[in-house]
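If you want the building blocks of each chain, they are given just below.
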Amino acid sequence: MKRKHLPIYGVGPLCVAVMLVFFLAFALLERSGCLDGGKMRLLHIPFRGIGCLLIVLGIWIWIQAVAVAKISRAVLENHLVTEGIYAWVRNPIYSAIAIALTGAAMLSATLWSLLLPCIFWADITIFMKSSEEKWLARCYGQEFSDYCRRVNRCIPWFPKQ
C-alpha cells in the first residue's frame, strides 16, 4: 500500500540519534579532560551565556514547529507547511535539537564545542536530502522547489522574497 503522506517520524529519530551520539561523545571527552586544550577560560562567561540563549532558542523553535504549527496534523492531512517557523527554516524540529545541543555543549566553554554545529548541519543535510526532500519534491513539485529556494534547510534565517 502506497503512503499518501510522509510518515509522522520519518528518518527523524535516526537523524536525532546521530546528533545525540556526537553530543554525548563530546560530553564524555570534555568530562574526561581530553578537550582541555580548547578551554576558553577568558571567554567562559560569554560562551555560557550564548549556550543558555541557544538552549532557550532551540526549545522555542521546537515548540513553534511542533505545537504552534501542528506539524503532525499537517503531515497527516498532506499539507506542506510553509508559514510560521517553517517560513524561517525548512526543518525546524531538527534545527531546534541541533541548536539546543550546541548550546548545551557551549556551556563547557571550549572551542571544540564549535565543531558540533558543523556536524549537526551535515547530519541534517544528509538525512533530509536523501529522504524527506525527495518525497516532498515528488509530492509537491514546483511548490516545494519554490519553498526550497526561499527557505534554508537547517539554519533559521529571514525568508527570501
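Quick look at the structure, then. (Residues numbered from 1 in each chain as written. Predicted model: local features only at pLDDT ≥ 70, side-chain atom pairs only at ≥ 80, totals over all residues. Heavy atoms only, no water.)

## A word on the overall build of the protein
The helix and strand tally for the protein stands at seven helices and zero strands. Ordered by position in the sequence, the α and β elements of the protein form the string α-α-α-α-α-α-α. Taking the principal axes of the C-alpha coordinates as reference, the protein spans close to 55 × 35 × 25 Å. Considering the protein as a whole, with its 161 residues, one finds that 39% of them fall into the buried category. Look at the contacts in the protein between residues 6 or more apart in sequence, and 82% of them connect residues 24 or more apart. Averaging the locations of the 17 positively and 9 negatively charged side chains of the protein gives two centres separated by 2 Å. (Helix = DSSP H or I, 4+ residues; strand = E, 2+ residues; numbered from the N terminus. Buried < 20%, exposed > 50% of the residue type's maximum accessible area, 1.4 Å probe, protein only. Contact = heavy atoms within 4.5 Å. Lys, Arg positive; Asp, Glu negative; His and termini not counted. Charge placed at Lys NZ, Arg CZ, Asp CG, Glu CD.)

## Description of the packing of aromatic side chains
Overall, the coordinates contain three aromatic pairs when judged by the stated rule. Note on W88 and F158: the rings are 5.2 Å apart at their centroids and 50° apart in plane angle, and the pair reads as tilted. With a gap of 70 residues between them, W88 in the loop between α3 (71-76) and α4 (92-106) and F158 in the segment after α7 (142-150) connect regions that are remote in the sequence. (Phe/Tyr/Trp six-rings, centres within 6.5 Å; stacked < 30°, edge-to-face > 60°.)

## Some remarks on the state of the cysteines
Enumeration over the complete set of coordinates arrives at zero disulfides. Summary of cysteine pairing: C118 is not part of a disulfide, and the nearest cysteine sulfur, belonging to C154, is at 12 Å. (Disulfide = S-S within 2.5 Å.)

## Regarding the side chain of T102
Tracing the backbone through its elements, the reader meets T102 in helix α4. Beyond its immediate chain neighbours, meaning those up to four positions away, T102 contacts L54, P117 and F120.

## Re unusual backbone geometry
Positive phi, normally seen in glycine, also occurs at K70, with a value near 50°. Within the secondary structure layout, K70 lies in the loop between α2 (44-68) and α3. You can call K70 partly exposed: its relative accessible area is 42%. Located in the positive-phi region is A109, a residue other than glycine, with phi close to 55°. Checked against the element boundaries, A109 lands in the loop between α4 and α5 (116-130).

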